[in-house]
Protein chains: 2
Amino acid sequence: MQKILRVDMTERRAAYEDVPEKYRQLGGRWLTSSIVCDEVPAMCHPLGPNNKVVFAPGIVTGTASPTSSRISVGGKSPLTGTIKESNAGAAFSQKLARLGIKAIVVEEQPKETGKFWGLRITKDGVTFEPADGWTGKGLSEVFPDLYQQYGGMPKVGIMGIGVAGEMRMAAAGVCFNDLKGRPSRYSGRGGMGAVLGSKGLKFIVVDGTDAPGVEIANKELFDQGRNKLVEALRSHDLTKPKGALNTYGSIVLVKIINEAGALPTRNFREGRFKGATKIAGEAFFEGNKERLGKEVYNHACSPGCIIQCSNTWHRPDGTEHTSCIEYESAWALGANCEVDNLDDIAELNQLCNDYGLDTIEIGGSLAVAMESGVASFGDGKRAIELLHEIGKGTPLGRILGNGALATGKAFGVIRVPHVKGQTMSAYDPRAIKGIGMTYAVSTMGADHTSGYTIAPEILGVSGKVDQFDVNKADLVRTFQYATAFIDSTGHCLFITFAILDIPQGFEGVMEECNGVLGTQWTMDDVGKIGEKIINMERTFNKTAGFTEAHDRLPEFMRHESLPPHNVVWDVPDEQLDKVLG
Amino acid sequence: MQKILRVDMTERRAAYEDVPEKYRQLGGRWLTSSIVCDEVPAMCHPLGPNNKVVFAPGIVTGTASPTSSRISVGGKSPLTGTIKESNAGAAFSQKLARLGIKAIVVEEQPKETGKFWGLRITKDGVTFEPADGWTGKGLSEVFPDLYQQYGGMPKVGIMGIGVAGEMRMAAAGVCFNDLKGRPSRYSGRGGMGAVLGSKGLKFIVVDGTDAPGVEIANKELFDQGRNKLVEALRSHDLTKPKGALNTYGSIVLVKIINEAGALPTRNFREGRFKGATKIAGEAFFEGNKERLGKEVYNHACSPGCIIQCSNTWHRPDGTEHTSCIEYESAWALGANCEVDNLDDIAELNQLCNDYGLDTIEIGGSLAVAMESGVASFGDGKRAIELLHEIGKGTPLGRILGNGALATGKAFGVIRVPHVKGQTMSAYDPRAIKGIGMTYAVSTMGADHTSGYTIAPEILGVSGKVDQFDVNKADLVRTFQYATAFIDSTGHCLFITFAILDIPQGFEGVMEECNGVLGTQWTMDDVGKIGEKIINMERTFNKTAGFTEAHDRLPEFMRHESLPPHNVVWDVPDEQLDKVLG
């Protein structure tokens, strides 16, 4: 019997509730956004008592379905002021699902400010644990401690916030453990870590021992679907074992996007980075090989993943430096700051993991700070110092920790590549129009994961379209709807490479969902469900004061042209307004 | 022959243009807002090349009309993102008007960043002057230097920005000289000093020598109107010589608003301040008397003012400390920070004048910083240190210099009393509903000068209404329309005390305007013109992305009740939406 766990941080009360009928078929983003829309006043202050943080595993999370351990984290974002869903792959999600917990809703705030608590969830109950011993500490200290206290790997899954979240910084993410127990898997974007900080919740440990598991309505259908998806993932070049993602990780994209002239460099001044080969997936693979004396393929972030794209960088002496350096992180902390040294990037990445920060937003902050003269472009050592400022919560650190737009405002910098206050990710929209349209109209602020049109625009997945073509309203809409659906299943977005190219794979996803829920969704329902989710999110945003005026890229991109293609942002506003209407 | 002076800061070109027919009857706010709406893209970045700063004297400015030397400064605000008009009383305005300059439009930006220029305007032409010698310097050093260089008082009028404006801080105001040449008269609100900073314009000196004067279409009618207004100002208790404003300055309000339980204290936690009597107008008057051994009445900020409400505070040794401490400043830097020492307030006020800052916004920043623990409430000495941080442009200073909302964001403080990013002024809206409605719906962000309903709600001017009554949509609308009109005439808003109570005085204002312009406006036109101005401004804001969701007070005011009346903000949203429709 599934249930919703409601956690009141004022009264320190945690209680299970029945799942309302209307939520029965929902999971992941569909469920977090539904609960947020139903329960959070759109006009509330994101760090005030009326905001909530909702955790929800996906529809098939906790089953034997491959690559399906995403945990959605939803609420109103302190970074953007919009609704927010950000998800990560983590065993934490599977444990919740197997315990029958469809969602955790964290609400209210402690009366005592500066006091933090933890939550411990087992089959037998939920308890509040004082977090005093871990308050003010980095996650690389907190997670091992929590394992010692509450049971080790793989029994226990952990969610935690770093000091950035405690300090309620808008770039604070929500961290989960990976398969080695490292604090490395992030629902990074949108500052949900700050919201948890405002609620005084430092961590959740979930013990999956003797969990009953996920009920499956039609086991046969589920297994059939599962097999189709496994087959698709195992055969696609990007997702198969020793394929591109397993070998290099998402960082494989550095070379590809650089060649496309769309790798934002020096705070989005250029589309090609001279140092790109030094921070590319290939250099990463070779660097590890040299330092360890053997080829290292990547690992899964969570149990049951076939793609296994999570990498680990090692120091010259062969010890582990950080895991994982995603493409977005290598770009944000590297190319965008003109830093071309993987060791510096690894240190920055590790500090983000430790302090509890979104690497993308922080890379944006650093680049804008470099633009302002607080640091020099290319100076990785100075960037590392700046990360420590954030960790210490100095005034400079608080500026940076609140994101690129806050940094721009503090230093009077107008070249801030953001939408709705969230910094853009690793694709310059002037050179790849579809992803720019996604940034513009996404309900989440600039977010490539809202609709990864890079697949057809650059990677040739599900066909190939011209990266410079501006007539992409239909493409962008289709991708956003499909993504909202995938984000609700619990699957990692990376399965889309395989299922878009291999129709049987997508069929498999539908059969898995129908198998678990007992529904009879067809491929048509993907778009319908996605549309429903996004319309709901847009209604929230509209009530919060967002209009089509906010569905725009920053002014400077219309005027400043981007080398090497020397292109400006030239998608007409009418085209943007056609995407979601 | 009137003309518009257009100043291109990229090309460093200044050229006169004919006044388009549609602007012929316009002045002050009506003209600045019209030019901004016609020429500035609502979606532009306030600190980018497409924003403009417009200076405009009022319709009767430069004539013998009393208390009519306001200079309107307009543009898109970097503090609020809305359209902005902020006005000050200054001889500068009269000199422009007498030279036939209906408006100055400053546009574009220098190619070289960090380079500043001045503009010198005489009857014979306009020249650009290098400002290198004054860049980075405080205005109390700059203004005397400029007088030495370009001719003294009363020949020359000066506009300047301080280091806050150079650093493009959103709380940077635009400063004008007073009758002693002091940098003390501010178009403070909304950060127009930062926009001038972004344009590299440090100062304008205008030499009024041999100015032809303002053309008056019907001299007889004008004189008749002028005499009526003079008579009204000379007879009303608030505005007459040795009346309340001339004796105490606007600071006379401390005691009155404190008694009404609406003096925001300790960052809007309470409506009464224990130290109120120590910072009230009466204490100010007595303090000066004690230190100087005589009674000191106030002076005019600009030639031709009858009210003469500008005060000067003196040190224990009798030397001048600062001029002028307005009610809003004494409150912002005093009660709101629980500082009850007039010498500390004077020092803070003087630093704002010197660095070029809006005292209201900075008081808001300080109070929020105190709320965060960066300083303690009541610690005036620490507040002075914080002002120096702003002047030095340290990271902490940059946070504070960007206003209360930026300060709250940096330190995770949600109790920020603002609307549209502009901090509220010296009236707690929970205890005086009409002014709260004005804060909410004003096109300018929280701004008491958008419609000073305090007149009937507290002062008994133009009748008396219950301060707690929430049904004030009509009152608030009427005041906003009338204010937009008055802001266009060039008159100081303080004349309204007299002309609302003495109908002949208002008649006089209309006759003055008709006399100058040759129009035949009636009292009906006040509302019509005001409505036209405000609708135009609202259209700009709407295009910039503002909706009724932004016409709201902060959430905490609906939940936290304000002593001593223990009232929350209980004006229904529908009532707010009824004000301007």
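Residues numbered from 1 in each chain as written. Chains lettered and ligands numbered in written order. Predicted model: local features only at pLDDT ≥ 70, side-chain atom pairs only at ≥ 80, totals over all residues. Heavy atoms only, no water.

Draft legend 1. Geometry of the overall build of chain A. Of the regular secondary structure elements, chain A holds 24 helices and 16 strands. By its C-alpha atoms, chain A is 60 × 55 × 50 Å across when sized along the principal axes. Out of the 581 residues belonging to chain A, those deemed buried represent 67%. Pairs at least 24 residues apart make up 71% of the contacts formed inside chain A by residues separated by at least 6 positions. Averaged over its 62 positive side-chain charges, chain A has a centre that lies 2 Å from the centre of its 70 negative ones. (Helix = DSSP H or I, 4+ residues; strand = E, 2+ residues; numbered from the N terminus. Buried < 20%, exposed > 50% of the residue type's maximum accessible area, 1.4 Å probe, protein only. Contact = heavy atoms within 4.5 Å. Lys, Arg positive; Asp, Glu negative; His and termini not counted. Charge placed at Lys NZ, Arg CZ, Asp CG, Glu CD.)

Draft legend 2. Highlighting the state of the cysteines. Residue and element names in this part refer to chain A. Tallying each qualifying case throughout the model produces zero disulfides over all chains. Residue cysteine 301 stays outside any disulfide, its sulfur separated by 5.9 Å from that of cysteine 305, the closest cysteine. Residue cysteine 301 is classed as buried on the basis of its relative accessible area of 13%. Cysteine 352 takes part in no disulfide bond, and the closest cysteine sulfur to it belongs to cysteine 337, at a distance of 10 Å. Look at cysteine 352 and you get buried, because its relative accessible area is 0%. (Disulfide = S-S within 2.5 Å.)

Draft legend 3. Structural context of the pairing of strand 8 (residues 125-130) of chain A. Residues and elements named next belong to chain A. One ladder, built from six bridges, connects strand 7 (residues 117-122) with strand 8; its direction is antiparallel. Each residue of the ladder has a partner; that of glycine 118, found in strand 8, is glutamate 129. The turn linking strand 7 back onto strand 8 is made up of two residues. (Pairing = 2+ DSSP bridges.)

Draft legend 4. Focus on the pairing of strand 11 (residues 183-187) of chain A. Residues and elements named next belong to chain A. Burial analysis of strand 11 places five of its five residues in the buried class, which makes it a mostly covered element. For strand 10 (residues 174-177) and strand 11, the ladder comprises four bridges, and the chain directions are antiparallel. Among the inter-strand pairings, cysteine 175 is bridged to a residue of strand 11, identified as tyrosine 186. The antiparallel pairing of strand 10 with strand 11 creates a hairpin that spans five residues between the two strands, and glycine 181 there sits at a positive phi of about 85°.

Draft legend 5. Just the interface of chain B and chain A, in detail. Counting from both sides, the interface comprises 31 residues of chain B and, opposite them, 31 residues of chain A. Buried area between chain B and chain A, both sides added, is near 2400 Å², and the carbon and sulfur share of it is 57%. The largest share of the area that chain B buries against chain A comes from B:Lys409, B:Ile414 and B:Glu555, three residues that together contribute 24% of it. Joining chain B to chain A, the criterion identifies zero salt bridges. Taken together, the links from chain B to chain A amount to 16 residue pairs in polar contact (both at pLDDT 80 or more). Contributing elements (two or more residues each) for the side of chain B that touches chain A: helix 15 (395-401) and helix 16 (404-411) of chain B. Looking at the side of chain B that touches chain A residue by residue, the class counts come to 16 nonpolar, ten polar and five charged. (Buried area = accessible area lost by both parts, 1.4 Å probe. Salt bridge = Lys/Arg side-chain N within 4 Å of Asp/Glu carboxyl O. Polar contact = N/O pair within 3.5 Å; in protein donor to acceptor, adjacent residues only side chain to side chain. Nonpolar A, V, L, I, M, F, W, Y, C, P; charged D, E, K, R; others polar.)

Draft legend 6. Region of interest: helix 21 (residues 503-517) of chain B. Residues and elements named next belong to chain B. Compared with an ideal rise of 1.5 Å per residue, which puts 15 residues at 21 Å, helix 21 spans 21 Å between its outermost C-alpha atoms and is within 8% of the ideal. Of all 15 residues in helix 21, twelve are buried; the element is thus mostly enclosed. Three or more residues of helix 21 are buried, namely Gly505, Phe506, Gly508, Val509, Met510, Glu511, Glu512, Cys513, Asn514, Gly515, Val516 and Leu517. Residues of helix 21 that are buried in the fold lie against helix 6 (219-235), helix 19 (473-489), helix 20 (495-501) and helix 22 (523-543). After helix 21 finishes, the residue glycine 518 shows a positive phi value of roughly 75°. (Expected span 1.5 Å × (residues − 1).)

Draft legend 7. Up close: the packing of aromatic side chains. Residues and elements named next belong to chain B. A complete count under the given rule lists 28 aromatic pairs over all chains for this structure. For the ring pair phenylalanine 268 and tryptophan 331, a centre distance of 5.8 Å and an interplane angle of 90° mean the geometry is edge-to-face. Highlighted residues: phenylalanine 268 in the loop between helix 8 (253-259) and helix 9 (276-279) and tryptophan 331 in helix 11 (residues 327-333), separated in sequence by 63 residues. There is no split in this pair, since phenylalanine 268 and tryptophan 331 are both buried. Plain terms: the ring middles of tyrosine 427 and tyrosine 452 are 5.7 Å apart, the flat faces sit at 75° to each other, and that makes the pair edge-to-face. Of the two residues, tyrosine 427 is situated in the loop between strand 16 (422-423) and helix 17 (433-441) and tyrosine 452 in the loop between helix 17 and helix 18 (454-459); the sequence distance between them amounts to 25 residues. (Phe/Tyr/Trp six-rings, centres within 6.5 Å; stacked < 30°, edge-to-face > 60°.)

Draft legend 8. Main features of the relation of the copies chain B and chain A. Under the fitted operation, chain B is carried onto chain A by 0.0 Å of movement along the axis and a turn of 180°, and the coordinates agree to an RMSD of 0.0 Å. When the rotation and shift are considered jointly, the pair of chain copies conforms to a two-fold rotation axis. Looking at the rotation axis and the C-alpha trace of chain B, the residue lying nearest is B:Pro395, at 2.8 Å. A shared binding surface is used by both copies, with 100% of the interface residues of chain B retained as interface residues in chain A. (Least-squares fit on C-alpha atoms with pLDDT ≥ 70 in both.)

Draft legend 9. Region of interest: the sheet that holds strand 4 (residues 70-76) of chain B. Residues and elements named next belong to chain B. In spatial order, the strands read 2-1-6-3-4-5; together these six strands make up an open sheet with mixed pairing. The open sheet is flanked by strand 2 (13-18) and strand 5 (83-89), the only strands paired with a single partner. The mean angle between the axes of side-by-side strands here comes to 20°, regardless of whether they run parallel or antiparallel. Relative to strand 4, strand 3 (residues 52-57) runs antiparallel, the two sharing four bridges. Residue pairing in the sheet places proline 57 in a bridge with isoleucine 71 of strand 4. (Axes fitted to C-alpha atoms, helices over the stretch in contact; angles between N-to-C directions.)

Draft legend 10. Spotlight on the side chain of B:Glu85. Residues and elements named next belong to chain B. Along the chain, the position of glutamate 85 falls in strand 5. Polar side-chain contacts of glutamate 85 include one of 2.5 Å to the side chain of serine 72. Contact partners of glutamate 85, with chain neighbours within four places excluded, come to Arg29, Thr32, Ser72, Val73, Gly74, Met444 and Asp487.

Draft legend 11. Focus on the packing of helix 19 (residues 473-489) of chain A against helix 24 (residues 573-580) of chain A. Residue and element names in this part refer to chain A. Between helix 19 and helix 24, the shortest axis-to-axis distance is 8 Å and the interhelical angle comes to 35°. Helix 24 is crossed by helix 19, and the crossing has right-handed handedness. From helix 19, Ala473, Val476, Arg477, Gln480 and Tyr481 reach across to helix 24, where they touch Gln575, Lys578, Val579 and Leu580. Taken together, the residues of the contact of helix 19 with helix 24 break down into five nonpolar, two polar and two charged. (Left-handed = near helix turned anticlockwise from the far one by under 90°.)

Draft legend 12. Structural context of the pattern of salt bridges. By the definition in use, this model includes 84 salt bridges over all chains. Across the pair A:Arg189 and A:Glu361 runs a salt bridge, and its minimum N-O distance is 3.5 Å. With a gap of 172 residues between them, A:Arg189 in the loop between strand 11 and helix 5 (192-198) and A:Glu361 in helix 13 (residues 359-372) connect regions that are remote in the sequence. Both residues of the pair, A:Arg189 and A:Glu361, count as buried. The salt bridge partner of B:Glu537 is B:Arg29, with a shortest N-O separation of 2.8 Å. Here B:Arg29 lies in helix 1 (residues 28-39) and B:Glu537 lies in helix 22, a separation of 508 residues in the sequence. When sorted by exposure, B:Glu537 lands in the same class as B:Arg29, which is buried. Residues participating in the shared-partner salt-bridge network are A:Arg6, A:Glu17, A:Glu39, A:Lys52 and A:Glu107.

Draft legend 13. Here's a closer look at the nonpolar core. With 388 residues, the main nonpolar core has A:Phe55, A:Tyr427, B:Phe55 and B:Tyr427 as its most contacted residues. At eight residues, helix 19 of chain A tops the list of elements feeding residues into this core. (Core = buried A, V, L, I, M, F, W, Y, C linked by side-chain atoms within 4.5 Å.)

Draft legend 14. Broad picture of the confidence of the model for chain A. Of all residues in chain A, 100% have pLDDT values of 70 or greater, and the mean over the chain is 97. Complex prediction metrics read pTM 0.97 and ipTM 0.96. (pLDDT = per-residue confidence, 0-100.)

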